[in-house]
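Structural overview for review
What follows is each chain in one-letter form.
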Amino acid sequence: MKEKAREARLEQRIIGLVPTMGALHAGHLALVERAKKECSPVFASIFLNPKQFGPHEDLSRYPRPLEADIEKLTAAKVDGLFLPDAAEVYPSGFSTYVHVEGLSERLEGKSRPGHFLGVATVVLKLFEIVQPNFAYFGRKDAQQLRIIQRMAHDLNLDVEIVVCPIVREPDGLALSSRNAYLSAEERRAATVLYRALCAAATEVHAGVWDSMQLQRTMHKILESEPHARVDYAEIVDAESFESVIRLGRRSYALLAVHIGKTRLIDNMLIEPTGDELRVEL
Ligand code: AMP
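Attention in this report is confined to the structure presented alongside it. (Residues numbered from 1 in each chain as written. Predicted model: local features only at pLDDT ≥ 70, side-chain atom pairs only at ≥ 80, totals over all residues. Heavy atoms only, no water.)

**Points about the side chain of Asp237**
Rules: Counting from the N terminus, the helices are DSSP H or I runs at least four residues long and the strands are E runs at least two residues long. Polar contacts here mean pairs of N or O atoms no more than 3.5 Å apart (in protein, one a potential hydrogen donor and the other a potential acceptor; neighbouring residues in sequence count only if both atoms are side-chain atoms). Whether two residues touch is decided by their heavy atoms; if any such pair falls within 4.5 Å, the residues are in contact.
With respect to the helices and strands, the residue Asp237 is situated in strand 6 (residues 228-237). At 2.9 Å, the side chain of Asp237 and the backbone nitrogen of Ser240 are in polar contact. The contacts of Asp237, once residues within four sequence positions are left out, are Glu242, Val244, Arg249, Arg250 and Ser251.

**Quick word on the packing of aromatic side chains**
Put simply, the test is: In summary, the pairing rule links any two rings of Phe, Tyr or Trp, Trp by its six-membered ring, whose centres are within 6.5 Å, and it sorts them by plane angle into stacked for under 30 degrees, edge-to-face for over 60 and tilted for everything else. Only protein chains enter the accessibility calculation, which uses a 1.4 Å probe; a residue is then buried when its area is under 20% of its type maximum, exposed when over 50%, and partly exposed in between.
Within this structure, the stated rule accounts for six aromatic pairs. Seen from their ring centres, Tyr90 and Phe94 are 4.9 Å apart, and the 80° between their planes marks the pair as edge-to-face. The exposure class of Phe94 is partly exposed, given its relative accessible area of 23%. The interplanar angle of 75° and the centroid separation of 6.3 Å between the aromatic rings of Phe127 and Phe137 together place this pair among those described as edge-to-face. Remark: Phe137 occurs in strand 4 (residues 134-138) and Phe127 occurs in helix 6 (residues 115-130); sequence separation between them is 10 residues. Under the relative-accessibility criterion, Phe127 is labelled buried at 4%. Given a relative accessible area of 4%, Phe137 falls into the buried group. An aromatic cluster is built from Phe47, Tyr90, Phe94 and Tyr97, whose rings are joined through pairwise contacts.

**Thoughts on a nonpolar patch on the surface**
Under the convention used in this document: Patch criteria: residues need more than 30% relative accessible area and no salt bridge. Like-charged residues are merged within 9 Å; nonpolar side chains of Val, Leu, Ile, Met, Phe, Trp and Tyr are merged within 5 Å. Using a 1.4 Å probe, the Shrake-Rupley method yields the accessible areas, and only the shown protein chains count as cover for residues. Counted as salt bridges are all cases of a side-chain nitrogen of Lys or Arg within 4 Å of a carboxyl oxygen of Asp or Glu.
A contiguous nonpolar patch, built from Leu66, Ile70 and Leu83 and spanning about 210 Å² of accessible area, is present on the exposed surface. Looking at the secondary structure, you find Ile70 in helix 3 (residues 66-75).

**Observations regarding the pairing of strand 8 (residues 262-273)**
Operational definition: The pairing criterion is simple: DSSP has to find at least two bridges between the two strands.
Of all 12 residues making up strand 8, 10 are buried, and the element is well covered by its neighbours. Pairing of strand 7 (residues 251-259) with strand 8 involves nine bridges; the strand directions are antiparallel. For Leu255, the partnering residue across the bridge sits in strand 8 and is Asp266. Turn length for the strand 7-strand 8 hairpin, with the two strands adjacent in sequence and antiparallel, is two residues, and the turn residue Gly260 shows positive phi of about 60°. Note: strand 8 against strand 9 (residues 276-280), five bridges, orientation antiparallel. Its bridge partner being in strand 9, Pro272 is matched across the sheet by Leu277. Taking the residues between adjacent antiparallel strands as the criterion, strand 8 and strand 9 are bridged by two residues, where Gly274 takes a positive phi near 65°.

**Focus: the environment of Pro272**
Of note, Pro272 is situated in strand 8. Taking the C-alpha atoms as reference points, Pro272 and Phe47, 225 residues apart in sequence, are found 37 Å from one another.

**With respect to the layout of surface pockets**
Note the threshold: Buriedness of a pocket was judged along seven lines, with at least five required to meet protein on both sides within 12 Å; pockets are open sets of points on a 1 Å grid over the protein atoms alone, cavities are sets where a 1.4 Å probe fits but cannot get out, and lining residues have an atom within 4 Å of a point. Grid points are joined across faces, edges and corners, and a volume is the space filled by probe spheres set on the points.
In this structure, the second largest pocket spans a volume of roughly 230 Å³. Around the second largest pocket sit 17 residues that line it, and Ile46, Leu48, Arg64, Leu66 and Leu83 are the ones nearest its centre.

Right, here's the structure in full:
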């Protein structure tokens with residue numbers, strides 16, 4: 001991988017990187033498509049990073065449809081797939097980690113201790129190996145994205161982080177490799193995340209700037225779904241991920257909800273434009 005990337009750099013080409021954990025869907029492919037427009041070569045990586053899974057999380061049952069993934073990346077015309085194995089990424093004695101303070105402890109980080117330590121560490125390693133000019137991430141994982149931006153800034157990395165919109169199913173469910181775990185009934189119930197965000201969006205459009213009221217609205221919808229158990233439903237500042245009392249700065253409505261045994265996340269971006277608020281689902 002380093003050799004390929006070095007060759008491209010010597011030829012002054014613009015390298016794009018799309019990091020994934022595999023089980024690819026249209027959300028991942030949208031990142032590749034965007035990268036193809038802006039970079040050549042485009043490299044994708046598939047690495048199911050053990051260090052970002054807690055001991056009781058779904059690492060062992062995470063889907064690994066490698067052949068299908070390779071077909072999709074080939075059809076999308078990526079120029080290379082980086083597929084390292086865990087022993088190569090974390091050789092024995094590995095002991096260096098990247099900790100993005102503060103941001104890593106809230107919300108996802110609170111529910112999944114150590115998760116962002118694993119994410120930031122592996123993403124920095126990928127950046128060091130490939131040294132891409134541009135790296136593509138989905139807004140679906142908003143806190144992860146923010147942490148990677150923070151890390152790139154704090155460590156003076158020469159990579160531009162490109163944010164891509166959330167790709168959804170026709171009924172609004174955000175695409176996720178974990179949707180494969182849902183039974184038919186849970187799949188129907190899973191639209192509750194999108195419905196809760198839409199209810200909040202409707203209130204924002206009606207002029208509600210009070211984040212407590214928006215949170216109550218989201219909770220009410222989420223709690224009306226018998227298969228759903230809310231982990232958090234919060235409005236936070238889009239930079240610091242600290243709670244927001246009154247909207248007015250760029251913020252996120254963030255959801256983490258268990259549907260049966262599957263934990264799903266989703267979010268909505270709320271942006272002030274003049275004296276109005278614009279939402280992006
Ligand atoms: P993952 O394989 O889950 O680690 O995701 C790899 C990348 O794809 C991350 O940058 C995710 O934010 C992005 N991604 C996952 N699902 C979606 C989606 N539904 N829409 C847009 N990007 C996504």
